[in-house]
Amino acid sequence: MSSRLLFVDIHSFMPSLEEKKMELPTYVILPAAGSGERMGIKQPKQFCNILGLPLIVYTIECFERLPWITKIFIVISLDRINYMQRILLENDFQKVELVEGASTRHRSIRNGINAISSDEDDEQAYLEKSVVIVHDAVRPFVDENILKKIALAASEFGAAGCIRPLVSTTVAADEEGFLDHTLVRSKYRASQTPQAFSYPIIKTAYEKISEHNLDFGTECLHVAQEYCQVKAKLIEAPEDVWKITYRRDLYAAEAIIKEKRVSPCLVGFDDNRLVKSIQSKLSEKSLCCTSVHWMTSTPKHINSIAIMIEGEESLQDQGNETLNWLITHAIGGGCLIMILLTTSQPNVEKLHQIAHTLSERSKQNCVNVSILVLEEKTYYMGAVERIGSLVTTLMFDRLPAFSGQVFMV
């Protein structure tokens, strides 16, 4: 693909997303103390490596990036806490608190609820109006739309859960192993996570729960119904909420992650106005954006970088350094945007050559490379918001046609 200079109608990149703002205090409990026996491997499936990262990282990202999520409680077995702490540190997760797990799913969830109750940062009045989302750590593809739906439904009805149509006919066998009867498939649904509850409901339910249900139960919606007489609102969920259970699921998850994942970071931005503008635009796409001063401080889970470069003389070297980092860490593909801040007319031919060379080198690794030229006089005349929109579009859409291009703002 040949490079060319693009004079951008920046308004065409302005996002049109209009979403209802979430004002509910919302907590998340991720039970992650299971052993993953059905997968037939020694390591718990939530820690299986997919594209260089443990599976649980992708699940955490679904919640960490949402500004309306207050805190995430990961309930983990005691022998895995140190390992999990390293994962959190390496990926710069800020909202996560670890809670020691228990012998069963319901006991682990109860530990998570108790951790919310004992959180010193939150007063009881604040908790009374909050919502708690319970989600499996091995369902890494839940999107904001379904999370908002179940959180709002839980606030209104006390409990809400995701459901999916049954894909196979369900039969019952008699004591001798012969067909007894067949269920009418259209009347039944498969219960999935995420599920959500008003805090007072789930807190009371797990205070009342029997020892038998703690040991043998698996359905949180049933606990709310049995002990608080709350019938959950059932919401049809997209197919992406499926649970990674068997080894073959790991290959499907890898393919989906390559297609969907965007984890952005800003490098070397000294102007806080520009950082806030880009972060604000990315948040409209439900993306949480990190900002660091140096490439060496970039979290390992990042796959899309916008780097501020002052002067053409260092563009080639900094571009190569940043691209090398992305090729190493952004295994599923990514995006590199070099924002060149210049005080004079740039050497357009040289910029073409750099953009094309880097784009060709990164093509095999599915990393898009673009150069965004920003003249200092334009920058100080109010280009901040426009830059935020363009950077967001380049990162979020990640269109191959943009790779190797030079944009003049």
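Residues numbered from 1 in each chain as written. Predicted model: local features only at pLDDT ≥ 70, side-chain atom pairs only at ≥ 80, totals over all residues. Heavy atoms only, no water.

A. Summary view of the pattern of salt bridges. Counted under the stated rule, the structure contains 10 salt bridges. Aspartate 215 is paired through a salt bridge with arginine 107; the nearest N and O atoms lie 2.9 Å apart. With a gap of 108 residues between them, aspartate 215 in helix 7 (residues 211–216) and arginine 107 in helix 3 (residues 105–117) connect regions that are remote in the sequence. Residue classification places arginine 107 among the buried residues on the basis of a relative accessible area of 16%. Aspartate 136 is paired through a salt bridge with arginine 139; the nearest N and O atoms lie 2.8 Å apart. The two residues aspartate 136 and arginine 139 agree in class, both being buried. Through salt bridges that share partners, Arg105, Asp136 and Arg139 make up one connected network. (Salt bridge = Lys/Arg side-chain N within 4 Å of Asp/Glu carboxyl O. Helix = DSSP H or I, 4+ residues; strand = E, 2+ residues; numbered from the N terminus. Buried < 20%, exposed > 50% of the residue type's maximum accessible area, 1.4 Å probe, protein only.)

B. The arrangement of the nonpolar core in detail. Of all hydrophobic cores here, the largest spans 52 residues; its most connected members are Ile60, Phe63, Ile72, Ile74 and Met84. Elements with a contribution of two residues or more to this core: strand 2 (26–31), helix 1 (55–64), strand 5 (69–76), helix 2 (81–90), strand 7 (131–134), helix 5 (144–157), strand 8 (159–165) and helix 9 (247–260). A per-element tally of this core places helix 1 first, with 7 residues. Residues within four places of methionine 84 in sequence aside, it is in contact with Phe47, Ile56, Ile60, Ile74, Ile76 and Leu98. Judged by nonpolar contacts, the second largest core, of 28 residues, contains Ile116, Val132, Ala205 and Tyr206. (Core = buried A, V, L, I, M, F, W, Y, C linked by side-chain atoms within 4.5 Å. Contact = heavy atoms within 4.5 Å.)

C. Seen up close, the side chain of histidine 301. You can see histidine 301 is positioned in the loop between strand 14 (290–292) and strand 15 (304–310). You can call histidine 301 buried: its relative accessible area is 9%. A distance of 3.1 Å separates a polar atom in the side chain of histidine 301 from the backbone oxygen of asparagine 91. Those residues in contact with histidine 301 that lie beyond four places of it in its chain are Leu53, Glu61, Asn91, Arg261 and Ser263. (Polar contact = N/O pair within 3.5 Å; in protein donor to acceptor, adjacent residues only side chain to side chain.)

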